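Descriptive analysis of the structure
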Amino acid sequence: MKGLLRSALNGDVTAVARLLTRVEAPGDGAREVHEAAFPHTGKAQLVGITGPAGAGKSTLISKLAASLASDEQRVAIIACDPSSPNSGGALLGDRIRMHELVANQQIFVRSIATRDSTGGLPLAAFRAADIFDACGFGTVIIETVGTGQNQVDIMQAAHTVVAVSAPGLGDDIQAMKSGLLEIADIHAVTKSDFSGASRTLLEIQNAVHMRHRTTEAPPAWTPPVIAINGLSGDGVTDLQQAMHSHYGHLTESGEMQIRCQRMFRERIYREATRLLTQTFETTPDKQMADKLQQVMQRKMTPAQAARAILS
Ligand SMILES: Nc1nc2c(ncn2[C@@H]2O[C@H](COP(=O)(O)OP(=O)(O)O)[C@@H](O)[C@H]2O)c(=O)[nH]1
Ligand SMILES: [Mg+2]
């Protein structure tokens, strides 16, 4: 493992891939890999890109990653795909679209199925981000479909959240409706070649200003709203610049410290929850049967039984 980690830290792409596979596998091996890599993290900018399915996230990310990579930067993409019941895996479409990037040695794409998760971002995504960070990738992009728990989770995984909206998805104020407005550090309006794009742009700009007018203290950061054509790449350098500015804002204002604390607190909470579940599920049958019987006979409350099992 030591040799593999050393190779990966030195930028060997094959070694990085092998580490990722290990860290995603269930069991103690994954923990060992993660523990060894973790002290080397803390240098990358973690960027969450979220929004409704079909908004143009993957298309945008392809262009963004190519642009970042041309600045001599290594870029990692973690695509968290809700697995379809048919394929049972990550959405093929995303893999194909991202395929053109695979030829670029500076860019590494990893697809993580959200199959085993309770609707949120899988822990494997957090761990993969750590591996990329440790291995010297300057930017780690995490793509998630912005629904429900995913949307909350992306805040726990990213320094900078980019909310993607697009015209013509049946709802012009998607960002507001889905609560993206609350979590976005940057708004990207894709498909700027569509006729409805300027209206979507304006609506989000208005919503951002309204929101800031209603907060008491003057905001230290106003989320920029950026029009992007994912097909031509127009606007992508503006987005890159905004990401860079946001990172600067976080470090200079001290907000980075606060965000990182919030992110780690949430991760500790999730790991703790996982441990509790694991302890419960591995309780010996005999012990469980005994507690069950005591509850049935009203000798113990369910809460007392739970405490006894977990202690
Ligand atoms: N006309 C146009 N189509 C786009 C643009 N960006 C994405 N698309 C198309 O929109 C569809 C969904 O894009 P995709 O990137 O997979 O969306 P995702 O589900 O948010 O990742 C695809 O057919 C893309 O080719 C754009 O800027 N302009
Ligand atoms: Mg996608």
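Since we're looking at a predicted model, the values are computed, not measured. (Residues numbered from 1 in each chain as written. Chains lettered and ligands numbered in written order. Predicted model: local features only at pLDDT ≥ 70, side-chain atom pairs only at ≥ 80, totals over all residues.)

1. Section: the overall build of the protein
So the rule is basically this: Counting from the N terminus, the helices are the DSSP runs of H or I reaching at least four residues and the strands are the DSSP runs of E reaching at least two. Each residue is classed by its C-beta neighbour count within 10 Å, where at least 20 other C-beta atoms makes it buried, 12 or fewer makes it exposed, and intermediate counts make it partly exposed; the C-beta atoms are placed from backbone geometry. The contact rule is simple: place each C-beta atom from the backbone, and if two of them lie within 7 Å, those residues are in contact.
What the protein contains, in helices and strands, is 14 helices and seven strands. Relative to its 311 residues, the protein shows a buried fraction of 37%. Excluding contacts between residues fewer than 6 apart, the proportion of contacts in the protein whose partners are at least 24 apart in sequence is 72%.

2. A look at the site of ligand 1
Our working definition: A molecule or strand has a residue near it when that residue's C-beta atom, placed from backbone coordinates, lies within 6 Å of it. For this scheme, ten residues count as nonpolar: Ala, Val, Leu, Ile, Met, Phe, Trp, Tyr, Cys and Pro. Four count as charged, namely Asp, Glu, Lys and Arg, and the remainder, Gly too, count as polar.
The environment of ligand 1 is formed by 15 residues, the closest being Gly 56, Lys 57, Ser 58, Thr 59 and Gly 230. Taken together, the elements giving at least two residues each to the shell around ligand 1 come down to α4 (57–69) and α5 (92–102). Here the shell around ligand 1 gets three residues from one element, more than from any other, and that element is α4. Looking at the shell around ligand 1 residue by residue, the class counts come to three nonpolar, eight polar and four charged.

3. Considerations on the pairing of strand β6 (residues 186–189)
Heads up, the condition is: We call two strands paired when DSSP finds no fewer than two bridges between them.
Alternating residues of β6 divide into Ile 186 and Ala 188 and His 187 and Val 189, and every residue in both groups is buried. Across four bridges, strand β5 (residues 160–165) lies against β6 in parallel orientation. Opposite Val 164, over in β6, you have Ala 188 as the bridge partner.

4. Comments concerning the nonpolar core
For clarity, the threshold we go by: By convention the nonpolar core is taken to be a set of buried residues drawn from Ala, Val, Leu, Ile, Met, Phe, Trp, Tyr and Cys and joined through C-beta atoms within 7 Å. Those domain boundaries reflect an automatic or database domain assignment.
Ranked by internal contacts, the top residues of the largest apolar core, which has 68 residues, are Ile 78, Ala 125, Val 140 and Ile 142. Per-element tally for this core: the top contributor is helix α6 (residues 123–134), with eight residues. Domain assignment of the residues forming this core places at least three in each of domain 1 (1–40) and domain 2 (42–253). Residues contacting Ala 125, with those up to four places away along its chain left out, are Ile 78, Cys 80, Ile 112, Ile 142 and Ala 157.

5. A few points about the pairing of strand β1 (residues 45–51)
Most of β1 is tucked away: seven of the seven residues are buried. Every second residue of β1 is oriented toward a common face, with Gln 45, Val 47, Ile 49 and Gly 51 on one face and Leu 46, Gly 48 and Thr 50 on the other, all of them buried. Where β1 and β5 come together, four bridges link them in parallel fashion. Bridge pairing in β5 places Val 47 opposite Thr 160.

6. Looking at unusual backbone geometry
Phi at Lys 191 takes a positive value of approximately 60°, unusual for a residue other than glycine. Relative to the helices and strands, Lys 191 is located in the loop between β6 and α10 (197–214). Residue classification places Lys 191 among the buried residues on the basis of 25 C-beta atoms within 10 Å.

7. Topic: the packing of α4 against helix α11 (residues 236–253)
Axes are the key here: two packed helices are described by the angle between their axes and the distance separating the axes. The condition that has to hold: Orientation is described by lines fitted to C-alpha atoms, with helices fitted over the stretch in contact, and by angles between N-to-C directions that extend from 0 to 180 degrees. We call two directions roughly parallel when the angle between them is under 35 degrees, roughly antiparallel when it is over 145, roughly perpendicular when it lies between 65 and 115, and oblique otherwise. Each crossing gets its hand from how the near helix is turned against the far one by less than a right angle, where anticlockwise is left-handed and clockwise is right-handed.
Where α4 contacts α11, the axes come no closer than 10 Å and their chain directions differ by 65°. Between α4 and α11, the angle falls in the class roughly perpendicular. For α4 against α11, the interelement crossing comes out right-handed. Facing α4, whose interface residues are Lys 63, Leu 64, Ser 67 and Leu 68, α11 presents Val 236, Thr 237, Leu 239 and Gln 240. A breakdown of the residues in the contact of α4 with α11 according to their chemical character gives four nonpolar, three polar and one charged.

8. Examining the packing of helix α13 (residues 285–296) against helix α14 (residues 302–310)
Contact pair α13 / α14: the axes reach a minimum separation of 9 Å and the direction vectors enclose 160°. Comparing their axes, α14 and α13 come out roughly antiparallel. α14 is crossed by α13, and the crossing has right-handed handedness. Contacts between α13 and α14 involve Gln 287, Lys 291, Gln 294 and Val 295 from the former and Pro 302, Ala 305, Ala 308 and Ile 309 from the latter. Taken together, the residues that form the contact of α13 with α14 break down as five nonpolar, two polar and one charged.

9. Thoughts on α6
Which entries qualify depends on this criterion: Expected helix span is given by 1.5 Å per residue-to-residue step, counting one fewer step than there are residues.
In a regular helix each residue adds 1.5 Å, so 12 residues correspond to 16 Å; α6 covers 17 Å between its end C-alpha atoms and thus fits that length. For α6, the tally of buried residues reaches 11 of 12 residues, placing the bulk of the element in the interior. Inspection of α6 places Ala 124, Ala 125, Phe 126, Arg 127, Ala 128, Ala 129, Asp 130, Ile 131, Phe 132, Asp 133 and Ala 134 among the buried residues, and these make up the whole buried set. Positive backbone phi, approximately 90°, marks Gly 136, located one or two places after α6.

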